[in-house]
Structure formats: structure tokens, C-alpha cells
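Residue-level structural notes
Residue strings, one per chain:
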Amino acid sequence: MAAAEKSTKEKLMSVLDDVEVLSRELIELLALSRNQKLNQPGEENQILELLIQKDGEFQELMKVAYSQGKIHQEMQLLEKEVEKRDSDIQQLQKQLKEAEHILATAVYQAKEKLKSIDKARKGAISSEELIKYAHRISASNAVCAPPTWVP
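Residues numbered from 1 in each chain as written. Predicted model: local features only at pLDDT ≥ 70, side-chain atom pairs only at ≥ 80, totals over all residues. Heavy atoms only, no water.

Note the following rule: UniProt positions are given in the numbering used here, feature names are shortened, and annotations may be inferred rather than shown by experiment.
Under the annotation held in an unreviewed UniProt entry, the protein chain carries the name Mediator of RNA polymerase II transcription subunit 4 and is attributed to Staurois parvus. Under the Subcellular location (unreviewed entry) heading, UniProt states for the protein chain: "Nucleus". Among the UniProt annotations of the protein chain, the heading Subunit (unreviewed entry) holds the following wording: "Component of the Mediator complex."

**Concerning the overall build of the protein chain**
So the rule is basically this: Only DSSP runs of H or I reaching four residues or more are called helices, and only runs of E reaching two or more are called strands; each is numbered from the N terminus. A 1.4 Å probe rolled over the protein chains alone gives each residue an accessible area, and that area as a share of the maximum for its type sets the label: buried under 20%, exposed over 50%, partly exposed in between. Should any heavy atoms of two residues lie within 4.5 Å, those residues are considered in contact. Surface exposure here means Shrake-Rupley accessible area, sampled with a 1.4 Å probe, where a residue is shielded only by the protein chains that are shown.
Along its length, the protein chain carries three helices and zero strands. With 151 residues in all, the protein chain has 9% of them scored as buried. For the protein chain, the share of sequence-separated contacts (at least 6 apart) that also reach a separation of at least 24 residues comes to 68%. Of the roughly 13800 Å² that the protein chain leaves accessible, carbon and sulfur atoms contribute 59%.

**Comments concerning a negative patch on the surface**
For the record, the criterion: Patch rule: a residue counts if its relative accessible area is over 30% and it has no salt bridge; like charges are joined within 9 Å, and nonpolar side chains (Val, Leu, Ile, Met, Phe, Trp, Tyr) within 5 Å. Just to be clear on terms, a salt bridge is a Lys or Arg side-chain nitrogen sitting within 4 Å of an Asp or Glu carboxyl oxygen. Just so you know, the count uses Lys and Arg for positive and Asp and Glu for negative, and it drops His and the chain ends. Where a charge lies is defined by one atom per residue type: Lys uses NZ, Arg uses CZ, Asp uses CG and Glu uses CD.
On the surface, a cluster of negative charge is made up of Glu79, Glu83, Asp86 and Asp88. Locating Asp86 in the fold gives a position in helix H2 (residues 41-122).

**Some words on the side chain of Lys54**
In this structure, Lys54 sits in helix H2. Relative accessible area serves as the criterion here: at 17%, Lys54 is assigned to the buried category. Residue contacts for Lys54: discarding those within four places in its chain leaves Val15, Asp18, Val19 and Leu22.

**Describing the UniProt feature "coiled-coil region" (unreviewed entry) in the protein chain**
Mapped onto the present numbering, the UniProt feature "coiled-coil region" (unreviewed entry) falls on residues 75-109. The span residues 75-109 carries 100% helix and 0% strand; its end-to-end C-alpha distance comes to 50 Å.

**Focus on the side chain of Thr8**
To be explicit about the condition: Polar contacts, as counted here, are pairs of nitrogen or oxygen atoms within 3.5 Å of one another; within protein the pair requires one atom able to donate a hydrogen and one able to accept it, and residues that are adjacent in sequence qualify only if both atoms are side-chain atoms.
Structurally, the position occupied by Thr8 is in helix H1 (residues 8-36). Note on Thr8: relative accessible area 14%, which makes it buried. Looking at Thr8, its side chain comes within polar contact range of the side chain of Gln68, at 2.8 Å. The contacts of Thr8, once residues within four sequence positions are left out, are Leu61, Val64, Ala65 and Gln68.

Structure, rendered in C-alpha cells:
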């Protein structure tokens, strides 16, 4: 569309203005011809022809305006649908961020446990040494608190 092209509303208003002018002119001509008893059917016919032509233009423009109105309604419905989908996407994005945070925390805790396990493996004590140490504790009667011990 060219920038200088008129909108449908402007076109309709222009045609309505033309119809109004032609109607007034026809009414004035008819009133004048009755008062003066002048018969000039050619001029009346020309005005009627123009009036019929403008009516045809008006009807075509009304069809265009109706179709544009339907398209506008469809656009509004689509905009509402887009807003709804956008809201759904934002909610999903929020849920994904929460899931990402939970997973990041879980990964961090798992890494810490792996470090702890690795550290335990590096400083591992054999089961024989553990049994020897337990035997030494039990040999010194240290499995319970001494009778004189007070908390």
C-alpha cells in the first residue's frame, strides 16, 4: 500500500459526503423545478446516475469494511491467544529455573559427597587395624565409663 492511499474510513466518509452533496443538489433541483415548473429531465437524470454510482461505491466500500472488521476480530483473538501462550511460556520458564536451581544444588551436594568419599578412600584404614584397635580398647576395660566418672 502506498503511504498516500486513503483508509477505508476516509473513503467511506468521502463517498458519504458526495452522496450528501448529490442528494441536496437533487432535492434543490426538484424543489426549484416544482416552483418554477421547469422541465429539465437531463440534469436530474445525471444527478440520479451519479447518486446510483456513489451508492454502488458505498456498497463496495461497506463490503471491504466488513471484511476488514472480521480480520480485525480474528487479529484480536490471535493476540489473546499469543498472550495466553506467552504467559504459559513464562510460567514454564519459571518452573525450569526452579528445576535448574534444584538440580544445581543436588549436583553440588553430590560433588561434596564424592569428595568426602574420595577423602575417606585416601585415608582408609584396613579392617585388621580397626580390629586390633578395638581389641586394645576392650583389653584395657574401656568399653564403659570408669565407675568414678561423673558427667
